[in-house]
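Residues per chain are reported as follows:
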Amino acid sequence: MQQQYFIGTRGGDCPSITFKDALLNPNAPYGGLYTLKNLPTFSKEEIQSFANLDYTSLAKNIFKALGLGIVDSILENALKLYKNFDDSKIPAPLEKINETLYIQKLYCGPTRAFKDMALQPFGSIFSDFISNSSKEYLILTATSGDTGPATLQSFANKPHIKVVCIYPKGGTSDVQRLQMTTLEAKNLKVIGINGNFDDAQNMLKNLLKDENFKATLEQKNISLSAANSVNFGRIAFQILYHIYSSLQVYNLTKKPVHIIVPSGNFGNALGAFYAKIMGFPIQKIWIASNSNNILTEFIQTGIYDISHKSLQKTYSPAMDILKSSNVERILFALFGENRTRELMESLEKNKKYSLEKSELQKIQQYFEATFCEDSYCLETLKKYATMGIIIDPHTACGIKAYEQIQSLDSSIPCILCSTAEWTKFAPTLTKALGMGDLSDEEALHTLAQKFSISIPKQILELFTKNEIHTQVVDKDLLPQTILQWL
Ligand SMILES: *Cc1c(COP(=O)(O)O)cnc(C)c1O
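Keep in mind that this is a model prediction, so the values were computed, not measured. (Residues numbered from 1 in each chain as written. Predicted model: local features only at pLDDT ≥ 70, side-chain atom pairs only at ≥ 80, totals over all residues. Heavy atoms only, no water.)

Visitor: Describe in detail a positive patch on the surface, supporting the description with residues and values.
Guide: A contiguous patch of positive charge, built from Lys-205, Lys-209, Lys-323 and Lys-351, is present on the exposed surface. Relative to the helices and strands, Lys-205 is located in helix H8 (residues 197–208). (Patch = residues over 30% accessible without salt bridge, like charges linked within 9 Å, V, L, I, M, F, W, Y side chains within 5 Å. Areas by Shrake-Rupley, 256 points an atom, 1.4 Å probe, with all protein chains shown as cover. Salt bridge = Lys/Arg side-chain N within 4 Å of Asp/Glu carboxyl O. Lys, Arg positive; Asp, Glu negative; His and termini not counted. Charge placed at Lys NZ, Arg CZ, Asp CG, Glu CD. Helix = DSSP H or I, 4+ residues; strand = E, 2+ residues; numbered from the N terminus.)

Visitor: Describe in detail the pattern of salt bridges, supporting the description with residues and values.
Guide: Tallied over the entire structure, the rule returns 21 salt bridges. The shortest N-O distance in the salt bridge between Glu-368 and Lys-284 comes to 3.2 Å. Linking Glu-368 in strand S13 (residues 367–371) with Lys-284 in strand S10 (residues 282–289), this pair joins segments that are 84 residues apart in sequence. Its relative accessible area of 29% is what places Glu-368 among the partly exposed residues. With a closest N to O distance of 3.4 Å, Asp-437 and Lys-431 form a salt bridge. Under the relative-accessibility criterion, Lys-431 is labelled partly exposed at 33%. (Buried < 20%, exposed > 50% of the residue type's maximum accessible area, 1.4 Å probe, protein only.)

Visitor: Go over the sheet that holds strand S9 (residues 257–262) with me, naming the residues and quoting the values.
Guide: The mixed open sheet is built from six strands, whose spatial order is S3-S4-S14-S9-S10-S13. In the strand order of this sheet, the two ends are held by strand S3 (94–98) and S13, each with one partner. Taken pair by pair, the neighbouring strands of this sheet meet at an average axis angle of 25°, ignoring direction. Pairing of strand S4 (residues 101–105) with strand S14 (residues 414–418) involves five bridges; the strand directions are parallel. Bridged to Lys-105 within S14 is Ser-418. (Pairing = 2+ DSSP bridges. Axes fitted to C-alpha atoms, helices over the stretch in contact; angles between N-to-C directions.)

Visitor: Please provide a residue-by-residue account of the nonpolar core, values included.
Guide: When a protein is soluble and globular, its nonpolar side chains tend to lie buried together. By size, the foremost hydrophobic cluster in this structure holds 106 residues, and its most contacted members are Ile-62, Phe-63, Phe-126, Phe-237, Tyr-353 and Phe-367. Per element, the largest residue contribution to this core is 11 residues, and it comes from helix H10 (residues 232–253). When we break this core down by domain, the ones giving at least three residues each are domain 1 (81–112 + 232–461) and domain 2 (113–227 + 465–485). Every residue in contact with Phe-126, bar those within four places of it in the chain, is listed here: Leu-23, Leu-24, Tyr-137, Ile-139, Phe-155, Ile-161 and Ser-225. Counting residues in each nonpolar core, the second largest holds 37 residues, with Leu-101, Ala-385, Leu-416 and Ala-432 among its members. (Core = buried A, V, L, I, M, F, W, Y, C linked by side-chain atoms within 4.5 Å. Domains from an automatic or database assignment. Contact = heavy atoms within 4.5 Å.)

Visitor: Provide a residue-level description of the sheet that holds strand S15 (residues 472–473), including the pertinent values.
Guide: The parallel open sheet is built from five strands, whose spatial order is S8-S5-S6-S7-S15. Two strands close off the open sheet at either side, each with one partner strand: strand S8 (222–226) and S15. The pairing of strand S7 (residues 188–193) with S15 spans two bridges and is parallel. Bridging from a neighbouring strand, Ile-193 pairs with Val-473 of S15. Sitting on the sheet, helix H9 (residues 211–219) touches strand S5 (136–142) and S8, and the angle it makes with S8 is about 130°.

Encoded structure:
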């Protein structure tokens, strides 16, 4: 396919832009997101021909078909980053648990959560795209724990790029905090804020649209960009592993699979949706949530209503979200730009929107959803640990979906996306096992010994390093703190 262009999900007279532009400046008109106009679809023969490719060859073929227009050498450089994963040939390996359950380990990269799958190559592409630019770029990111470390790792020491990462002080696990605060590179700044993740995300949004702040940056010849999960540069890499896994399991079972995705901002699930549209052997995408179950309600009823909800803290914090950004790209793909704009404006004004019955039926051709309370999450962690299968709390929420699928039809193979390694949430596991409230370090060693499993070097090392980034600020002081550092 020749080069494709990106358009905004909420329409407007915006010109179509390239993948490169959408990646460097991810905000589309009317508050929308940039998205592909068209997705390619493949014949059965083409799909079969993809089944025997290794991961990087598959990636090259898919990106070509998507028409992203990335120069070969740049894509090559990006895919090389999978060398930093446990198995460079298979960055996202599948483990067969039983005849109908395959766990896909998306956490084999440097920071042990699935964010590395996209952010590692994304950092490389971003950096190559601007290598001849006379400008500097400032990338801002807010994190509840996994995006921050993955973004910092990806951009450390990259020329022309500076990264500021804000996180809620006290709102992350020790491992997650140390992954950020011990990382030493001149172009990185990590700032704790007094507040929760919602506060951090709001501060980020305000900064991104603060004209004074942007003008001051422009005087210093610095452009502002963002590496959050609405950036299509990340979504592109999140299509690949769903294609890879569905083909692998289809070849073994000869049956189209269900893909179960523990979801927050819906980026991971969006990748699976695109893979299904392109024709890969996927029956349904199952959305797993925690007690912040807005996505379950939406997919079951067609009503997205946050007017009566407040955010709850759970054991699966990466899914503690009410406004799930990438749902907007689903609306666009199924209902078009005018309807998307109407629905999203209703969400902003009334904190709510409702689909027509026929629209809901369309959504349900692709998605099913369920959610898991904290108590059930702990029981599941324990049950699986007893079988010798050590998973993290987000993955445990996905098990709930698997059990539900089994009770409906026990013949369909399921791929459960495991989004984080147990090492990032060890105290939740020891709690589930009735070992009391331990610190991250104590819990890691206790579990490693009990189950004879190893702790990756990059996690162990954290506890011996100095915390370099110790600054904590109130929200009013954030802009000036950033400007001073620059
Ligand atoms: C980010 C994250 C999720 C949610 O992914 P989305 O793409 O935002 O839906 C789930 N689990 C873990 C461990 C994560 O870090």
